[in-house]
Amino acid sequence: EPEVTQTPSHQVTQMGQEVILRCVPISNHLYFYWYRQILGQKVEFLVSFYNNEISEKSEIFDDQFSVERPDGSNFTLKIRSTKLEDSAMYFCASSGTGLTNEKLFFGSGTQLSVL
Amino acid sequence: GENVEQHPSTLSVQEGDSAVIKCTYSDSASNYFPWYKQELGKRPQLIIDIRSNVGEKKDQRIAVTLNKTAKHFSLHITETQPEDSAVYFCAASPNNNNDMRFGAGTRLTVKP
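Note that this is a predicted model, so its numbers are computed, not measured. (Residues numbered from 1 in each chain as written. Chains lettered and ligands numbered in written order. Predicted model: local features only at pLDDT ≥ 70, side-chain atom pairs only at ≥ 80, totals over all residues. Heavy atoms only, no water.)

Trainee: Would you explain the sheet that holds strand 7 (residues 65-68) of chain A in this entry?
Mentor: Consider a sheet: its strands pair through backbone hydrogen bonds, and that pairing is either parallel or antiparallel. Residues and elements named next belong to chain A. Pairing within the open sheet is antiparallel, and its 4 strands lie in the order 1-3-8-7. This sheet does not close on itself; its edge strands, each paired only once, are strand 1 (5-7) and strand 7. For this sheet the average axis-to-axis angle between neighbouring strands, irrespective of direction, equals 20 degrees. (Pairing = 2+ DSSP bridges. Helix = DSSP H or I, 4+ residues; strand = E, 2+ residues; numbered from the N terminus. Axes fitted to C-alpha atoms, helices over the stretch in contact; angles between N-to-C directions.)

Trainee: Please clarify how unusual backbone geometry should be interpreted in this entry.
Mentor: Going from A:Thr7 to A:Pro8, the amide bond is cis rather than trans, its omega being -10 degrees. Of note, A:Pro8 is situated in the loop between strand 1 and strand 2 (10-13). The amide bond that connects B:His7 to the next residue, B:Pro8, takes the cis arrangement and shows omega of -5 degrees. Of note in this structure, A:Asn51 is not a glycine but carries a positive phi near 55 degrees. Assignment of secondary structure puts A:Asn51 in the loop between strand 5 (43-50) and strand 6 (53-57). Judged by relative accessible area, which is 58%, A:Asn51 ranks as exposed. Of note in this structure, A:Asn52 is not a glycine but carries a positive phi near 65 degrees. (Buried < 20%, exposed > 50% of the residue type's maximum accessible area, 1.4 Å probe, protein only.)

Trainee: What should I look at first to understand the pairing of strand 9 (residues 88-95) of chain A in this one?
Mentor: For a regular strand, side-chain orientation follows a simple rule: the groups alternate between the two sheet faces. Residues and elements named next belong to chain A. Most of strand 9 sits inside the fold, with 8 of its 8 residues counted as buried. Here strand 9 shows no split at all, with Ala 88, Tyr 90, Cys 92 and Ser 94 on one side and Met 89, Phe 91, Ala 93 and Ser 95 on the other all buried. With 3 bridges joining them, strand 9 and strand 11 (residues 110-114) adopt antiparallel strand pairing. Along strand 11, the bridge assignment pairs Ala 88 with Leu 112. Two strands pair when backbone bridges link them, and strand 9 and strand 10 (residues 105-106) are joined in this way by 2 bridges, in the antiparallel orientation. When the bridges of strand 10 are listed, Ala 93 appears paired with Phe 106.

Trainee: I'm lost on the pairing of strand 5 of chain A in this one. Help?
Mentor: All names here are of chain A. Most of strand 5 is tucked away: 6 of the 8 residues are buried. Pairing analysis gives 7 bridges linking strand 4 (residues 31-37) to strand 5, with the strands arranged antiparallel. Paired with Phe 32 across the bridge in strand 5 is Phe 49. With 4 bridges joining them, strand 5 and strand 6 adopt antiparallel strand pairing. By the bridge assignment, Val 47 is partnered in strand 6 with Lys 57. Remark: 2 residues form the turn of the hairpin made by strand 5 and strand 6, two consecutive strands paired antiparallel; Asn 51 in that turn has positive phi of roughly 55 degrees.

Below you can see the structure in the form of structure tokens.
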């Protein structure tokens, strides 16, 4: 089965630093998503992306966050100035057309630790 | 926005028994309800989903029911096995996976 891949698997950063989390969605998928999961808590929607623009974003996705599809394969999440509370597992996901409710494929996640 | 409530937060059953996890949602526009299984340290994996035009769906030992009027949906696992032990999340989406909201999760433990 095709997979969403994420790098790095672990990222440690100092508070105030910028981080970029990288994802390679499944190649023929058109919709891309970022979710986060604070340890022991629920998976939280951050943002969805289609046709080179944000489709939806949650209240968590403030001005410190941005997403980009810099080329035909990568999808990135940037946090400009990390805070301690940004420490979480960040999951990228993708789906096919998005026109019908389709299966979301999750990546294996990037564990971000902000010190 | 959508708010999904999930109960119970923890559930312990004996191997072979059934397990039921219940969720409610707030947005009547939600039309897609997936269930995810997440093993420790791993990604969420879709195990079953149901759309709003269907009241029940079954896949081997797993079934999901949906009551749109009451805005609740449930996951039923029969003949539970130790490998069913994981955290299960329900989710609801009003707009084709956009803005999908997850429940808080249920930690299921199946005792051999």
